Amino acid sequence: QLAPLLLNSFFPLENPIIIGLQILSKFTMASWFNLLASVMLVVGVANAFPSQLKSDERSVEDYGQDNILESQDDFEDEDVMNNGLLSEHTDLVGHIRNFVGEATKKHLPRADDASRVCDRAVVGYQRAVGNSFHHTNAEKAVFLRAVYKKKHDITELRVSATVNIRTALRRGDRHGSGSRWFITIDGRECSNPSTIDMNMYVSTQGNTHVPGSLQGVCKATSAGPIRKGVHAVALNVGPIPGFRQGDAYTGWRSTSYLQVEEICPPF
């Protein structure tokens, strides 16, 4: 308190130093202790905050690590469960495949059978030939026949024929008529994929003979698939369903052929 009085004699009252000392002189001893305690409190909090922050960071890391471990345990449990379900599913699929295989192995050819059998395009063939004296004026008849022993169930039969044909109006018939030439296997026409045939129709009187040929593949008839064994393949002549029967002539002064080939199906 004496410092302001001594300085007043040398410096004017407006001096900042004098003003500051006058302000400090107003503080009591208790005020100085309170100020010092406040400063120490602030310093202590400032020093404690970084350590608490680091502790919190470690707690977060530990919590995250625990969650990661728990998640890994959950994933392992889910993997065990999924592996169990997958194993059960695989077993079920295996049982179904075995059941279907046992039920169908006697009716469906295997892929390895096809690869073993079909090492060539034509497995076997048979041919029937009619010379120039083999002909018929019948309106419904079997013209040529070939007997073939089929070697495998998986194969198909390709049948082809070349023959001279004619159809004409009957005497007194003023309307059109026709005749049909077709292939049968064991007395039945092919149904899969389709019949093998050709038709000839006339509407005026005449006597024209023309060359004819037909060819097709047969997998099955109305009796079912054509399996291995002996089969009779025939070229027939007959009426066209729904039309008048013409005056047919088959095999006029030319050689006729009927050929049967056992072939592999397309893959």
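All values reported here derive from a predicted model rather than from experimental measurement.

A.B. asks: Before we move on, could you go through the overall build of the protein chain and cite the residues and values that matter?
C.D. replies: Secondary structure assignment for the protein chain yields 4 helices and 12 strands. Among the 267 residues that make up the protein chain, the fraction classed as buried is 29%. Long-range contacts, defined here as pairs at least 24 residues apart, represent 80% of the contacts in the protein chain between residues at least 6 apart. Of the accessible surface of the protein chain, which amounts to about 18300 Å², a share of 58% is contributed by carbon and sulfur atoms.

A.B. asks: I'd like a description of the state of the cysteines, backed by residues and values.
C.D. replies: Scanning the entire structure with this criterion turns up 1 disulfide. In this model C190 forms its disulfide with C218; the gap between the sulfur atoms is 2.4 Å. A torsion of 110 degrees about the S-S bond marks the disulfide between C190 and C218 as right-handed. With a gap of 28 residues between them, C190 in strand β5 (residues 188-192) and C218 in strand β7 (residues 210-218) connect regions that are remote in the sequence. Accessibility assignment for this pair places C190 and C218 in one class, buried.

A.B. asks: An account of the nonpolar core is requested, with residue identities and associated values reported.
C.D. replies: In a soluble, globular protein the nonpolar side chains are often hidden away together inside. By size, the foremost hydrophobic cluster in this structure holds 26 residues, and its most contacted members are W181, I183, L214, L235 and L258. Looking at this core, the elements with two or more residues in it are β2 (141-150), β3 (156-168), β4 (177-185), β6 (197-202), β7, β10 (229-238) and β12 (256-263). A per-element tally of this core places β3 first, with 5 residues.

A.B. asks: A description of the side chain of T155 should follow, citing residues and the corresponding values.
C.D. replies: With respect to the element layout, T155 can be found in the loop between β2 and β3. A distance of 3.1 Å separates a polar atom in the side chain of T155 from the backbone oxygen of H152.

A.B. asks: How would you explain the environment of T155 if you had to name every residue and give the values?
C.D. replies: Assessed through its relative accessible area of 5%, T155 is described here as buried. Along the sequence, T155 and E261 sit 106 residues apart, while their C-alpha atoms lie 9.9 Å from each other. Within the local environment of T155, its side chain forms a polar contact with the side chain of E262, the two groups lying 2.5 Å apart.

What counts, and where the lines are drawn
Residue positions are given per chain, counted from 1 along the sequence in the order it is written. Local features are withheld for residues below a pLDDT of 70 in this predicted model, meaning they are given only at 70 or higher, and side-chain atom pairs are given and counted only at 80 or more; totals for whole chains, interfaces and linings count all residues. The basis for the side-chain values is all heavy atoms of the structure; hydrogens and waters are excluded. Labels follow the DSSP assignment, with helices taken as runs of H or I lasting at least four residues and strands as runs of E lasting at least two, numbered in each case from the N terminus. Three labels apply to residues, based on accessible area from a 1.4 Å probe with only protein chains included: buried if under 20% of the type maximum, exposed if over 50%, partly exposed otherwise in between. Any two residues having at least one pair of non-hydrogen atoms within 4.5 Å are treated as being in contact. The method behind every accessible area is Shrake-Rupley, applied with a 1.4 Å probe, and residues are considered shielded solely by the protein chains displayed. For this text, the term disulfide refers to a pair of cysteine sulfurs within 2.5 Å. The nonpolar core is taken to be a set of buried Ala, Val, Leu, Ile, Met, Phe, Trp, Tyr and Cys residues, with the residues joined through side-chain atoms within 4.5 Å. Pairs of N or O atoms within 3.5 Å make up the polar contacts considered here, provided that, within protein, one atom can donate a hydrogen while the other can accept it, and that residues adjacent in sequence are counted only when both atoms are side-chain atoms.

Such coordinate-based values are descriptive only and should not be taken to indicate function.
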